[in-house]
Amino acid sequence: MMARQSLFERLRHDKRAAIAATVLMGLALAVFPFVIGSSLGNSWLRIIDFAMLYIMLALGLNIVVGFAGLLDMGYIAFYAVGAYLYALLASPHFGLHLPVWLIIPAGAALAGLFGALLGAPTLRLRGDYLAIVTLGFGEIVRIFMNNLNAPINITNGPQGISGIDPIHLGGITLAKPLTFLGYAIPSLHAYYYLFLALALLIVFVTIRLENSRIGRAWVAIREDEIAAKACGINTRNIKLLAFTMGASFGGVAGGLFAGFQGFVSPESFNLMESVMVLCMVVLGGMGNIPGVILGGILLTILPEVFRHGAGPLQIAVFGKILLDPEALRMLLFGLALVVVMLYRPAGLWPSTTRRREFRGESATDVLKEGE
Amino acid sequence: MLEVTGLRVAYGGIQAVRGITFHVEQGEMVALIGANGAGKTSTLKALSRLLNAAGGSVRYCGKEISALEPHQLVSEGIALVPEGRGVFPRMNILENLLMGAYSRQDKAGIAADSAHVFSLFPRLEERAQQLAGTLSGGEQQMLAIGRALMSRPKLLLLDEPSMGLAPLMVQKIFEVIRAVAEEGMTVLLVEQNAKLALEVSQRGYVMESGEITLTDESSKLLANPRVREAYLGE
């Protein structure tokens, strides 16, 4: 713990070390898909790509739950809105094939609008009550997707929409291997780079938000809403902004998901998905950006590790498969959640707030930081 | 500076404040005293717009403010120290104070005012990095008052600053309230501790079951046999 903290401190003060660390990190992220692809195969690369999408979702939900303290149990609805918008505007379903640079921002905007729609009637609710309303909202969106195939077929109902255009920019499509400086970049790698770039953008935006006036207002509302009002914070607008910003991140991730998967159906947006994203935020460390990213990665990868590992392990130990790995996967996953929550209730990587008082910064430092 | 006319507050069918009229002049400290459930806090909540009034008018510097939103009052120059203190527990003292200056942009002024708050409450400066949730009740009350001052208000509304505090701490808090008032701040003090409130204020109003039953200069209220009997335990 101390070593990690002092490493961060050093990076904060030593510019050259910080640049070196950034370059190393960038190189590691750049070669990462090739390492995974050649060692573990393409199925793992797909999982890594999904981890990027879940990081975006978890960061979006973290704004609502972690920063503003509003428990949202229907967050996956915004992912659905982004995904369906992409599916409707770039597939043979309506015969529309709009460009990606138009659809993804439109998905962010529409999801943001849905976020405001959810936020406006629930402004007075908190905690359990808000959780129930948002849970209902998430289900309403999913059920709409399921049933909007009659009398006019908009969403194609439970069959979902298939044949969605892959993500393509200009003349380049990510569905086929790209050649870059004579090297072939397989499709999954290309998606990885795109998702990584957007995830980094969302990380950047979130960090900026956290340290802004708005970010501090969110935290104030989380801590004490009446006091926040007494400090002159327009709690209504600031809460709506949290819902809108969080939802728009979900909309971006949804659009990318639709293009990546080539198929969307209401099944992908059920309550379990909302719970999963919420688990990423809580397990990683609510309100702490690195923690939430860690949560997103771990909760995407862990179930797959259990799925892939449980079968071979049983054969090695018992000589045959006793328990279906699929069933075992959720069991182990649930167990992991319980263990983490018991031993690290604040999350795997909680925010520094609790540690700050021991750090002993001078008052003037914080005053400057606070500006 | 503040003129309240016929203010009514109701929770469902129950009238908590039944059309009260009072005023606060520029530069004076006015105490609103009364027993538990007399409607003091409801009055203050209606003034600070945390509650919707059922009727009546509230004029501040000649302007009707009963339709403004709570956050707008801060930029008008009204600051509330909420009942039960309401500090931000997971922010440190300095961050709490800076939240009080949320509506302001002038960095130099904010730094000067936080230095001023620290001079009023040296104990807060010693613990500037400590999380507010780990402070004692009295320190939290100091912080809540300090935070309200950070918006550089013209009118300070104090809701039960003595609540749940040790007698010694109450004395300290009231010394500071007096000091703030002596700097020219207009203060409306809602308080159950009638003796203390009347000792620091110039005028007082006595509230009983949602109505103002008595008003006078504080020194005269302190001498009033009815007040002595009902609120000073004699």
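Because the structure is predicted, anything quoted here is derived from the model rather than measured.

(A) The arrangement of the overall build of chain B in detail. Looking only at helices and strands, chain B features 10 helices and 10 strands. Computed over its C-alpha atoms, the radius of gyration of chain B comes to 17 Å, within 12% of the 17 Å expected for a compact globule of 234 residues. On the principal axes, the C-alpha backbone points of chain B span a range of 45 × 40 × 30 Å. Considering only residue pairs separated by 6 or more positions, chain B has 67% of its internal contacts joining residues 24 or more positions apart.

(B) Representation of the domain arrangement of chain A in the model. Residue and element names in this part refer to chain A. Each assigned domain of chain A is listed here: domain 1 (1–39) and domain 2 (40–370). A separation of 24 Å is found between the C-alpha centroids of domain 1 and domain 2. Contact with domain 1, which involves 5 residues of that partner, is made by 8 residues of domain 2. Each residue belonging to the side of domain 1 that touches domain 2 can be placed in one class, and the counts come to 3 nonpolar, 2 polar and no charged.

(C) Main features of the packing of helix α12 (residues 289–318) of chain A against helix α13 (residues 325–343) of chain A. Residues and elements named next belong to chain A. Across the interface, α12 lies against α13 with an axial gap of 8 Å and an inter-helix angle of 130°. In terms of axis orientation, α12 runs oblique to α13. Seen along the crossing, α12 lies across α13 with a hand that is right-handed. Two secondary-structure elements touch here, α12 through L302, P303, F306, R307, A310 and G311 and α13 through P325, E326, L328, R329, L332, F333 and A336.

(D) Up close: the sheet that holds strand β5 (residues 63–64) of chain B. All names here are of chain B. Spatially, the 4 strands line up as an open sheet ordered β2-β1-β4-β5, and their pairing is antiparallel. With partners counted over all chains shown, the strands left at the sheet margins are β2 (14–24) and β5, one partner each. Pairing analysis gives 2 bridges linking strand β4 (residues 55–60) to β5, with the strands arranged antiparallel. Residue pairing for β5: Y60 is matched across the bridge by K63.

(E) Molecular detail of the packing of helix α5 (residues 100–119) of chain A against helix α10 (residues 235–261) of chain A. All names here are of chain A. Taken N-terminus to C-terminus, the directions of α5 and α10 make an angle of 140°; their axes are 6 Å apart at the nearest point. One finds that α5 runs oblique with respect to α10. Relative to α10, α5 is oriented so that their crossing is right-handed.

(F) Region of the structure containing the environment of I293(A). All names here are of chain A. For I293, the position within the fold is in helix α12. Residue classification places I293 among the buried positions, given that 25 C-beta atoms sit within 10 Å. Residues I293 and G311, spaced 18 residues apart in sequence, show a C-alpha to C-alpha distance of 29 Å.

(G) Looking closely at the confidence of the model for chain A. Residue and element names in this part refer to chain A. Averaged over all residues, the pLDDT of chain A equals 88, while 92% of them reach at least 70. Predicted confidence in chain A is weakest over helix α15 (residues 363–370), with a mean pLDDT of 43, and strongest over helix α4 (residues 76–89), with 97. In the model, residues 354–371 has pLDDT below 50 throughout and makes 18 contacts with residues more than four positions away in sequence or in other chains.

(H) Expanded view of the interface of chain A and chain B. Each partner contributes to the interface: chain A provides 24 residues, whereas chain B provides 30 residues. Taken together, the elements giving at least two residues each to the side of chain A that touches chain B come down to α8 (213–223), α9 (225–230), α14 (353–359) and α15 of chain A. In terms of residue count, the dominant contributor to the side of chain A that touches chain B is α8(A) (5 residues). In the side of chain A that touches chain B, the residues fall into 11 nonpolar, 5 polar and 8 charged.

(I) Structural detail: the pairing of strand β3 (residues 29–34) of chain B. All names here are of chain B. Most of β3 is tucked away: 6 of the 6 residues are buried. Note that β3 and strand β8 (residues 186–191) share 5 bridges and pair parallel. Within β8, the position partnered with V30 by the bridge is L188. The pairing of β3 with strand β9 (residues 203–208) spans 5 bridges and is parallel. Bridge pairing in β9 places V30 opposite R203.

What counts, and where the lines are drawn
- The numbers attached to residues start from 1 for each chain and follow its sequence in the written order.
- A letter from A marks each chain and a number from 1 marks each ligand, given out in the order of writing.
- Predicted model: local features are reported for residues with pLDDT of at least 70 only, side-chain atom pairs are reported and counted for 80 or more only, and whole-chain, interface and lining totals are derived from all residues.
- The helix and strand labels rest on DSSP assignments: H or I over at least four residues marks a helix, E over at least two residues marks a strand, and numbering proceeds from the N terminus.
- All radius of gyration figures rest on C-alpha atoms, and the globule criterion is 2.2 Å times the number of residues raised to 0.38.
- The contact criterion used is a C-beta to C-beta distance within 7 Å, with each C-beta placed from the backbone.
- As annotated, the domain borders come from an automatic or database domain assignment.
- Gly is put with the polar residues, along with every residue not named as nonpolar or charged; the nonpolar set is Ala, Val, Leu, Ile, Met, Phe, Trp, Tyr, Cys and Pro, and the charged set is Asp, Glu, Lys and Arg.
- With axes taken as lines fitted to C-alpha atoms, and helix axes fitted only over the stretch in contact, angles between N-to-C directions fall between 0 and 180 degrees.
- Every angle not falling under 35 degrees, over 145, or within 65 to 115 is termed oblique; those three ranges are roughly parallel, roughly antiparallel and roughly perpendicular.
- The crossing is said to be left-handed when, going from far helix to near helix, the turn is anticlockwise and less than a right angle, and right-handed when the turn is clockwise.
- Paired strands, as defined in this entry, are two strands with at least two bridges between them according to DSSP.
- Whether a residue is buried, exposed or partly exposed follows from its count of other C-beta atoms within 10 Å of its own C-beta, namely 20 or more, 12 or fewer, or something in between, respectively; the C-beta atoms are built from the backbone.
- Values of pLDDT, ranging from 0 to 100, describe the predictor's confidence in every residue of the model.

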